[in-house]
Amino acid sequence: MTKIELCEIIDDVTESQPGTVNGDEVLTEIEGWDSMSVISFQSIMNEKFGLIFTGKQLMSAKTVDDLMRLVNEHIEG
Amino acid sequence: MSILKVDMRISNAAKNPLDLSEKQILVTGASSGIGKATSVILSRLGARIILVGRNAERLHAAHSELENSNHIIEPFDLSRIDAISGWMKSMANRHGVLHGVVHCAGVQQTLPARSIRLVDMESLFQINVYAAIALLKGFRQRDVHSPQASAVLISSVMGLVGEACCITYSASKGAIISLTKSAAIELARDGLRVNCIASGFVKTPMYESLAETLTQAQIMNIEGKHILGIGTAEDIANTVAFLISDASIWITGTTVVVDGGYTAS
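Residues numbered from 1 in each chain as written. Chains lettered and ligands numbered in written order. Predicted model: local features only at pLDDT ≥ 70, side-chain atom pairs only at ≥ 80, totals over all residues. Heavy atoms only, no water.

Moving on: helix 5 (residues 118–139) of chain B. An α-helix turns once every 3.6 residues. As a result, residues three or four positions apart point the same way. Across its 22 residues, helix 5 of chain B extends 29 Å between first and last C-alpha, which sits within 8% of the 32 Å expected from 1.5 Å per residue. By the largest-angle criterion, Gln 126 of chain B marks the main kink of helix 5 of chain B, which is about 50°. (Helix = DSSP H or I, 4+ residues; strand = E, 2+ residues; numbered from the N terminus. Expected span 1.5 Å × (residues − 1). Bend = angle between axes of the 7 residues up to and from the residue.)

Dropping the structure here:
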């Protein structure tokens, strides 16, 4: 997955306008990134990529870059 | 009360009301969780179980845990809603009438409102609700059930109280509670009792996969609401046994809450 694709998913789950998230953000500073959007993110990852993330794993990601690494580790793993 | 029921009570007076010997019970979702625990407990009470699930291999594994070896493996995909009635009729022709049906197969769904799509609702309702209705439709056919028979549907505390991200799941489990009442009224004339169980969270593979997606704080929140702690599949299966057996002969259209105190507060 590319970082652009990840940002589009974050825009989607936080109900932001497309292009709002640019990839440099701290996740908790993105408006709408909360427990609901985390569950939406889990659902999309499972449906589109067959990846299952635990709540603990996602909570450990502090930035969009952390999340990108986590996703790619899962895809490669 | 019908004369038949009174006669039955007299003839069964000396019998353990929980005895299920000579009874044949169909259990859906029998390969794991509440369905498997139900199959085990009903088999210990003497019932012959028809184990239903999609995967024959997993059903065989569950079968090996049952008391006695006279049980039947019946692989079937319950998403084939319109085929359920004919399948039940053919099953009764092959194996004899059913004295009970327990619908344990179910799907859990955790989705916030923002992510709910029609496809999510349909996939959930297909197994949790549509299959339940189709099983009752099939069960009520004259040649499919014994003169006095019992159906038990598994609902959830989520059908009684709310929780974030459970809109679709709550709707499906609330539907089970509602349809139980109408089905009980309509199917009493066929000799069927229909009840459901509102289950709290119990340690099953389904709960384990739900817990995996939650944070520690969310898990502690759920577990803390169960005054008696998280339950086991056997806690639900024991109540199924009661509702299937003659011990509950005067109970129909009701929801038995088995939740370790979850809904008490």
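More follows now that the structure is in view.
One pass over the full model with this rule turns up six aromatic pairs over all chains. When the ring of Phe 76 of chain B is compared with that of Trp 87 of chain B, the centres are 4.0 Å apart and the planes differ by 10°; the resulting orientation is stacked. Of the two residues, Phe 76 of chain B sits in the loop between strand 3 (72–75) and helix 4 (84–95) while Trp 87 of chain B sits in helix 4, which places them eleven residues apart along the sequence. On the basis of relative accessibility, which here comes to 7%, the residue Phe 76 of chain B falls in the buried class. Residue Trp 87 of chain B is classed as buried on the basis of its relative accessible area of 8%. Ring centres of Phe 125 of chain B and Tyr 130 of chain B lie 6.3 Å apart, and the angle between their planes is 55°; on these two criteria the pair is classed as tilted. For Tyr 130 of chain B, a relative accessible area of 40% gives the class partly exposed. Here a set of aromatic residues connected by ring pairs shows up, and it is made of Trp 33, Phe 41 and Phe 53 of chain A. (Phe/Tyr/Trp six-rings, centres within 6.5 Å; stacked < 30°, edge-to-face > 60°. Buried < 20%, exposed > 50% of the residue type's maximum accessible area, 1.4 Å probe, protein only.)

Another aspect to go through is the sheet that holds strand 6 (residues 192–199) of chain B. All names here are of chain B. Strand order in the open sheet formed by seven strands is 3-2-1-4-5-6-9, and the pairing between neighbours is parallel. Both edges of this open sheet fall to strand 3 and strand 9 (255–258), since each of them pairs with a single strand only. Pairs of neighbouring strands in the sheet enclose a mean axial angle of 20°, with direction left out of account. Sheet strands in contact with helix 2 (residues 33–44) are strand 1 (24–28), strand 2 (48–53), strand 4 (98–103), strand 5 (145–156) and strand 6, and its direction is about 165° off that of strand 1. (Pairing = 2+ DSSP bridges. Axes fitted to C-alpha atoms, helices over the stretch in contact; angles between N-to-C directions. Contact = heavy atoms within 4.5 Å.)

Attention now goes to the pairing of strand 5 of chain B. Residues and elements named next belong to chain B. Judged by how many residues are buried, strand 5 sits mostly within the fold: eleven of twelve residues are covered. By the bridge criterion, five bridges tie strand 4 to strand 5 in an arrangement that is parallel. Looking at strand 5, one finds that Val 101 is bridged to Ala 151. Examined bridge by bridge, strand 5 and strand 6 share eight bridges and lie parallel to one another. Among the inter-strand pairings, Ile 154 is bridged to a residue of strand 6, identified as Ile 197. Crossover connection from strand 5 via helix 6 (residues 167–187) to parallel strand 6: handedness right-handed. (Right-handed = clockwise from strand over helix to strand, strands pointing away.)

None of this, on its own, says anything about what the molecule does.
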